[in-house]
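Close look at the chain arrangement
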Amino acid sequence: EIEAKYTKKMQVLRDELDLRRKTEIHEVEERKNSQIGELMRNHEKAFGDIKNYYNDITLKNLALISLLKEQMEEMKKRENHLEKEKADVLLQNKQLKEPLQQAQEQVAELQKKLAHYDKDKEALTNTKARLKVTQKDLKDLQWEHEVLEQRFSKVQAERDELYQKFTKAINEVQQKTGFKNLLLERKLKGLLGVLEKKEVELSEVFAASNLDPGALSLVSRKLEDVLSSKNATIKDLQLQLARACKAHSDMLQTFQAKLTAFGIPLDNLGFQPLASPVLGQ
């Protein structure tokens, strides 16, 4: 019966664990499918951005090619016109031999103009290309400048926030440490005063009563035990005071190191922190 009972419990536990495993596997698959979908959407968005970017570049290049084609057509028209003028001049030269020299000079001048026009056209194309490159560089520099200004503003805000937090923490720690030190000193002074008072009273009791040596020895031992206990209490209080001073010094060194790491001068605190607090300060 026990074996059957625990066999049944094992089966129930195994079914529960299988169900939990299937549930966890289903959740993992859902998270995986969600991440895959998110990655696909991000990739599609990035692909669309790149596609639009290159489409814009292609459209700009097509527009430039169309402009250059128009200019080439205009040049061809001008060249055809000049050719026609040249033909007319040659015809006139044949018809009129007398102004032959003048016509030749006019042809030479027109050829020079054509050569200068080609050079001016090439120079204009090069200038446009350099202007586009310069404009792109200018946009990149402006974007980098804006990014650097935002980073600088963020770093300034973080520095101011850190400085305010540091000043507040320094003031709180100094107040707590000073208050604790004052309490420890007052407690120590009170115990010392009580101890002196007890010693005076004990001396008066010894002087007023004629105790035998045995009783006096017993009282002395009890007094020594009390003094040992009080001395132990005083040492414990002094140890607590030393620990508080050590924690204060460690905290101060840590904040000074943080200020140095973030480039904040120590003179900007507005006060001089106590580097090594001691009794009485």
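Here's what I pulled together on the structure shown here. All values derive from a computational prediction rather than experimental measurement. (Residues numbered from 1 in each chain as written. Predicted model: local features only at pLDDT ≥ 70, side-chain atom pairs only at ≥ 80, totals over all residues. Heavy atoms only, no water.)

Our next topic: the overall build of the protein chain. Scanning the protein chain from terminus to terminus reveals three helices and zero strands. Buried positions account for 11% of the 281 residues belonging to the protein chain. Excluding contacts between residues fewer than 6 apart, the proportion of contacts in the protein chain whose partners are at least 24 apart in sequence is 81%. (Helix = DSSP H or I, 4+ residues; strand = E, 2+ residues; numbered from the N terminus. Buried < 20%, exposed > 50% of the residue type's maximum accessible area, 1.4 Å probe, protein only. Contact = heavy atoms within 4.5 Å.)

What follows deals with the layout of surface pockets. Considering only enclosed or pocket space, the largest pocket measures out at about 470 Å³ in volume. For the largest pocket, the full set of lining residues is Tyr 53, Asp 56, Ile 57, Lys 60, Asn 61, Lys 132, Val 133, Gln 135, Lys 136 and Lys 139. When contributions to the lining of the largest pocket are tallied by element, the ones reaching two or more residues are helix 1 (2-95) and helix 2 (100-208). Taken together, the residues that form the lining of the largest pocket break down as three nonpolar, two polar and five charged. (1 Å grid on protein atoms, 1.4 Å probe; cavity = no way out; pocket = protein on both sides within 12 Å on 5 of 7 lines; lining within 4 Å. Points joined across faces, edges and corners; volume = space filled by probe spheres on them. Nonpolar A, V, L, I, M, F, W, Y, C, P; charged D, E, K, R; others polar.)

Attention shifts here to the environment of Lys 176. With respect to the helices and strands, Lys 176 occurs in helix 2. For Lys 176, a relative accessible area of 62% puts it in the exposed group. Spatially, the C-alpha atoms of Lys 176 and His 248 are 9.8 Å apart, while their sequence positions differ by 72 residues.

Our focus in this paragraph is a positive patch on the surface. Taken together, the side chains of Lys 60, Lys 128, Lys 132 and Lys 139 make up a positively charged region of the molecular surface. For the positive patch, the element with the most residues is helix 2, which contributes three residues. Turning to its location among the elements, Lys 132 is positioned in helix 2. (Patch = residues over 30% accessible without salt bridge, like charges linked within 9 Å, V, L, I, M, F, W, Y side chains within 5 Å. Areas by Shrake-Rupley, 256 points an atom, 1.4 Å probe, with all protein chains shown as cover. Salt bridge = Lys/Arg side-chain N within 4 Å of Asp/Glu carboxyl O. Lys, Arg positive; Asp, Glu negative; His and termini not counted. Charge placed at Lys NZ, Arg CZ, Asp CG, Glu CD.)

In this structure the tally under the stated criterion is six salt bridges. Put simply, Asp 18 and Arg 21 hold a salt bridge, and the shortest N to O gap is 3.9 Å. One end of the pair, Asp 18, and the other, Arg 21, are both in helix 1, three residues apart, so they sit about a helical turn from each other. Take Asp 18: its relative accessible area is 29%, and that puts it in the partly exposed class. Residues Asp 250 and Lys 246 are paired through a salt bridge, measuring 2.7 Å at the closest nitrogen-oxygen approach. With Asp 250 and Lys 246 both in helix 3 (residues 213-261) and four residues apart, the pair spans about one turn of that helix.

Further remarks concern the packing of aromatic side chains. Here the distance between the centres and the angle between the planes together describe a pair of aromatic rings. Per the stated rule, a full pass over the model turns up one aromatic pair. Seen from their ring centres, Tyr 53 and Tyr 54 are 5.3 Å apart, and the 75° between their planes marks the pair as edge-to-face. For Tyr 53, a relative accessible area of 46% corresponds to the partly exposed category. (Phe/Tyr/Trp six-rings, centres within 6.5 Å; stacked < 30°, edge-to-face > 60°.)

Moving on, we get to a nonpolar patch on the surface. On the surface, Met 10, Leu 13 and Leu 17 cluster together to form a nonpolar patch covering roughly 270 Å² of accessible area. Here Met 10 lies in helix 1. You can call Met 10 partly exposed: its relative accessible area is 46%.

The next point concerns a negative patch on the surface. A cluster of like negative charges, contributed by Glu 79, Glu 83, Asp 118, Asp 120 and Glu 122, occupies part of the molecular surface. Secondary structure elements with two or more residues in the negative patch: helix 1 and helix 2. Top contributing element to the negative patch by residue count: helix 2, with three residues. With respect to the helices and strands, the residue Asp 118 is situated in helix 2.

The values reported here are purely geometric and, on their own, carry no functional implication.
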